[in-house]
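Structure at a glance
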Amino acid sequence: MTLDDDPLGPLDPNFAAAFTRDVRRPPCQLYLISPLDVTGGFGDRLARALDAGPVAAFQYRVKDMDQHAAAKLAEPLQRICADREVAFIVNDSISLAKRLGADGVHLGQEDGDAREARDVLGPTVQIGVTCHDSRHLAMEAGEAGADYVAFGAFYPTTTKETKHQAEPVVLSWWSALFELPCVAIGGITPANAAPLVKAGADFLAVSGAVWNGDEAAAVKAFAEVLKS
């Protein structure tokens, strides 16, 4: 099925809610997002988190910082990820991703187009796009060449302002129709993650649930959920 096809028409919640995770999809994986403050001893915390259990990717997310300073802070974190074969993804900035030679870039709806990112970063870099609760935006991102789409927020979160509330059914709908991976984001903890995994999320993007406490214990708790 192509991304142009939408045989469901208007999404029927009763129909889509009946979907459960397609066992043919790879197991759901953990995708860590940095806190805004990555100074001080954050590198040690990142290493501890990555050593605590399987993590597929780490997103470097800093705000209101010039690119030179952002790149300087990123470089040791990027090495920590590379040493552990964890993908290093830059949030928002195509130019910073290029400067760092990052493994990928994650774009919000105001941060540029996946086609532009592909032109600048090349064919092998992973490009993710925030799609909120919109299947239309997700299909547009797929057509533009994104490597994954991100839906959320699924739960209340203090990491960033939440303007869109997504329901797990959108993960079921997406994973039933398209092979492109989908990421669930927003207020996810080990206690509330299971329904999103069951619904079809390929990745769980988490931040506060890890960095607001013992990062190693949190990663281990998420690993238990992802194994079950």
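Rules of the game
Residues numbered from 1 in each chain as written. Predicted model: local features only at pLDDT ≥ 70, side-chain atom pairs only at ≥ 80, totals over all residues. Heavy atoms only, no water. UniProt positions renumbered as here; feature names shortened; annotations may be inferred. Helix = DSSP H or I, 4+ residues; strand = E, 2+ residues; numbered from the N terminus. Buried < 20%, exposed > 50% of the residue type's maximum accessible area, 1.4 Å probe, protein only. Contact = heavy atoms within 4.5 Å. Polar contact = N/O pair within 3.5 Å; in protein donor to acceptor, adjacent residues only side chain to side chain. pLDDT = per-residue confidence, 0-100. Axes fitted to C-alpha atoms, helices over the stretch in contact; angles between N-to-C directions. Parallel < 35°, antiparallel > 145°, perpendicular 65-115°, else oblique. Left-handed = near helix turned anticlockwise from the far one by under 90°. Nonpolar A, V, L, I, M, F, W, Y, C, P; charged D, E, K, R; others polar. Core = buried A, V, L, I, M, F, W, Y, C linked by side-chain atoms within 4.5 Å. Pairing = 2+ DSSP bridges. Right-handed = clockwise from strand over helix to strand, strands pointing away.

All right, on to the UniProt feature "binding site: Mg(2+)" (unreviewed entry) in the chain then. UniProt annotation of "binding site: Mg(2+)" (unreviewed entry) refers to Asp92 and Asp111 when read in the numbering used here. Despite a sequence span of 20 residues, these residues sit close together in the fold, their greatest C-alpha distance being 5.5 Å. Here Asp92 shows up in the loop between strand E3 (87-91) and helix H4 (94-100). On the accessibility criterion, Asp92 (22% relative accessible area) is partly exposed. Not counting the four nearest positions on each side in its chain, Asp92 is found in contact with Lys63, His106, Leu107, Gly108 and Asp111. Within the structure, the side chain of Asp92 is placed 2.3 Å from the side chain of Lys63, a separation counted as a polar contact. Among the structural elements, Asp111 can be located in the loop between strand E4 (104-107) and helix H5 (114-121). By relative accessible area, which is 26% here, Asp111 ends up partly exposed. If near-sequence neighbours (up to four positions away) are discounted, Asp111 is found in contact with Asp92 and Ile94.

So, about the confidence of the model for the chain. Chain-level pLDDT for the chain is 91 on average; 90% of the residues reach the 70-or-more range. Confidence drops under pLDDT 50 across residues 1-18; counting only partners more than four residues distant or on other chains, this segment forms 28 contacts.

Our next topic: the packing of helix H2 (residues 42-51) against helix H3 (residues 67-83). How two helices pack is summed up by the angle between their axes together with the distance between the axes. For the pair H2 and H3, the least separation of the axes is 10 Å and the interaxial angle reads 15°. Classified by the angle their axes make, H2 and H3 are roughly parallel. In this structure, the crossing between H2 and H3 has a hand that is right-handed. Of the residues in H3, those in contact with Phe42, Gly43, Leu46, Ala47 and Leu50 of H2 are Leu77, Ile80 and Cys81. Tallied by class, residues from the contact of H2 with H3 come to seven nonpolar, one polar and no charged.

Further remarks concern the nonpolar core. The biggest cluster of nonpolar side chains holds 71 residues, and the ones touching the most others in it are Leu32, Phe58, Tyr60, Phe88, Phe151, Leu171 and Leu204. Ignoring any residue separated from it by four or fewer positions in sequence, one finds Leu32 in contact with Ala49, Leu50, Val55, Ala57, Phe58, Gln59, Val206, Val210 and Trp211. In terms of nonpolar packing, the next biggest core, distinct from the first, is built from 10 residues, Ile89, Tyr148, Ala150 and Phe203 among them.

The element strand E5 (residues 126-130) is largely enclosed, with a buried count of four among its five residues. Pairing analysis gives four bridges linking E4 to E5, with the strands arranged parallel. Note on E5: the bridge partner recorded for Val105 is Ile127. Once the chain exits E4 it traverses H5 before rejoining the sheet at E5, and the crossover so formed is right-handed. The parallel pair E5 and strand E6 (residues 148-152), bridged by helix H6 (residues 135-143), forms a crossover whose chirality is right-handed.

With that out of the way, let us pick up the pairing of E4. Walk down a regular strand and you will see the side chains alternate between the two sheet faces. Every second residue of E4 is oriented toward a common face, with Gly104 and His106 on one face and Val105 and Leu107 on the other, all of them buried. With three bridges joining them, E3 and E4 adopt parallel strand pairing. Residue Asn91 lies in a different strand from E4, and its bridge partner there is His106. What joins E3 to E4 is H4, and the crossover it makes is right-handed.

Below, the discussion takes up the packing of H2 against helix H10 (residues 215-227). It is at 8 Å that the axes of H2 and H10 come closest, and there the two elements cross at 25°. Taken together, the axes of H2 and H10 are roughly parallel relative to one another. Judged by the twist between their axes, the crossing of H2 over H10 is right-handed. Together, Arg45, Arg48 and Ala49 of H2 and Glu215, Ala216 and Val219 of H10 make up the contact between the two elements. Counted by class, the contact of H2 with H10 contains three nonpolar, no polar and three charged residues.

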